[in-house]
Amino acid sequence: EPEVTQTPSHQVTQMGQEVILRCVPISNHLYFYWYRQILGQKVEFLVSFYNNEISEKSEIFDDQFSVERPDGSNFTLKIRSTKLEDSAMYFCASSRSGLGAEAFFGQGTRLTVV
Amino acid sequence: SQKIEQNSEALNIQEGKTATLTCNYTNYSPAYLQWYRQDPGRGPVFLLLIRENEKEKRKERLKVTFDTTLKQSLFHITASQPADSATYLCALLKTSYDKVIFGPGTSLSVIP
């Protein structure tokens, strides 16, 4: 069964450092998303990406965040200068025709900022 | 502001019974409502989607209802099994291309 793959599974970084979280969406999917979940809290939308551009972003997704689809398979989330409060589980998701259809989530990257 | 509420307490039920989880929302008019399952430390897994013009949807032991007047969805798991123990998330979308807004989730434990 096709799946969304995220790497690394766990990343520890020092405050102020840049991190890149990587995702390989399902190959025939067109819509890509990043979500985050702070421990014990609900899953929160960060950004959606379609046709090589951001289609929507939340207020969480400020200037320190960026996304990229550098080639035909990878979808990355960059956090430029990490803060302690960026510590969370980050989930990538993809769908073939928007989230009104079935959405597939990756297993997540646990980011710990120390 | 938009608000999604799910059963605030964890739900414990006996194996074989039907589990019913509730999702209520305010200040929102979703065209789609989804239910996901999330296991500890894992990503959400899509279970069911129901559209605003559908009253009920079924998939195997799962049944979802969507009442846009009450602004409520009910999620039922019949003949529950210990393997159904997980957190269940309700999620809303305004359009098929919209971001998903997740509820806080309900933790379900099915006791053998």
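See the structure above.
Residues numbered from 1 in each chain as written. Chains lettered and ligands numbered in written order. Predicted model: local features only at pLDDT ≥ 70, side-chain atom pairs only at ≥ 80, totals over all residues. Heavy atoms only, no water.

Trainee: Explain the packing of aromatic side chains here, please?
Mentor: Aromatic rings in a pair are described by how distant their centres are and how their planes are angled relative to each other. By the definition in use, this model includes 15 aromatic pairs over all chains. Ring geometry for Tyr36(B) and Phe102(B): centres 5.2 Å apart, planes at 55°, overall tilted. Here Phe102(B) lies in strand S10 (residues 101–102) and Tyr36(B) lies in strand S4 (residues 32–38), a separation of 66 residues in the sequence. Here Tyr36(B) matches Phe102(B) in class, with each residue buried. Through a chain of ring-to-ring contacts, three or more aromatic side chains come together here, namely Tyr35(A), Phe45(A), Phe105(A), Tyr36(B), Phe46(B) and Phe102(B). (Phe/Tyr/Trp six-rings, centres within 6.5 Å; stacked < 30°, edge-to-face > 60°. Helix = DSSP H or I, 4+ residues; strand = E, 2+ residues; numbered from the N terminus. Buried < 20%, exposed > 50% of the residue type's maximum accessible area, 1.4 Å probe, protein only.)

Trainee: What exactly am I supposed to notice about the interface of chain B and chain A here?
Mentor: At the interface, 20 residues of chain B touch 19 residues of chain A. Buried area between chain B and chain A, summed over both chains or domains, comes out near 1,600 Å², and the portion from carbon and sulfur atoms is 55%. Our count for the contact surface shared by chain B and chain A stands at zero salt bridges. Top contributing element to the side of chain B that touches chain A by residue count: S4(B), with four residues. Partitioning the side of chain B that touches chain A into residue classes produces 11 nonpolar, six polar and three charged. (Contact = heavy atoms within 4.5 Å. Buried area = accessible area lost by both parts, 1.4 Å probe. Salt bridge = Lys/Arg side-chain N within 4 Å of Asp/Glu carboxyl O. Nonpolar A, V, L, I, M, F, W, Y, C, P; charged D, E, K, R; others polar.)

Trainee: Even after reading the chapter, I still don't get the sheet that holds strand S7 (residues 65–68) of chain A, so can you show me in this structure?
Mentor: The strands making up a sheet associate through backbone hydrogen bonding, with each pair oriented either parallel or antiparallel. Residues and elements named next belong to chain A. Across the sheet, four strands lie side by side as S1-S3-S8-S7; this open sheet has antiparallel pairing. On the outer flanks of this sheet lie strand S1 (5–7) and S7, each paired with one strand and no other. Strand-to-strand twist in this sheet, taken as the mean axis angle between neighbours without regard to direction, amounts to 20°. For S7 and strand S8 (residues 75–79), the ladder comprises four bridges, and the chain directions are antiparallel. Bridge assignment links Glu-68 to a residue of S8, and that residue is Thr-76. (Pairing = 2+ DSSP bridges. Axes fitted to C-alpha atoms, helices over the stretch in contact; angles between N-to-C directions.)

Trainee: Teacher, can you tell me more about the sheet that holds strand S8 (residues 72–77) of chain B here?
Mentor: Residue and element names in this part refer to chain B. In space, the five strands of this open sheet follow the order S1-S3-S8-S7-S6, with antiparallel pairing throughout. Bordering the open sheet on either side are strand S1 (3–6) and strand S6 (56–59), each of which pairs with just one other strand. Across the sheet, the axes of successive neighbouring strands diverge by a mean angle of 15°, strand direction being ignored.

Trainee: What exactly am I supposed to notice about the state of the cysteines here?
Mentor: By definition, a disulfide links the sulfur atoms of two cysteine residues through a covalent bond. All told, the structure shown has two disulfides over all chains when counted by the stated rule. Here Cys23(A) connects covalently by a disulfide to Cys92(A), the sulfurs 2.0 Å from one another. Its torsion about the S-S bond being -65°, the disulfide of Cys23(A) and Cys92(A) is classed as left-handed. In this pair, Cys23(A) is assigned in strand S3 (residues 19–24) and Cys92(A) in strand S9 (residues 88–95), connecting sequence segments 69 residues apart. On the basis of relative accessibility, which here comes to 0%, the residue Cys23(A) falls in the buried class. One disulfide bridge connects Cys23(B) with Cys90(B), the sulfur atoms lying 1.9 Å from each other. (Disulfide = S-S within 2.5 Å.)

Treat this as a map of the structure, not an account of what it does.
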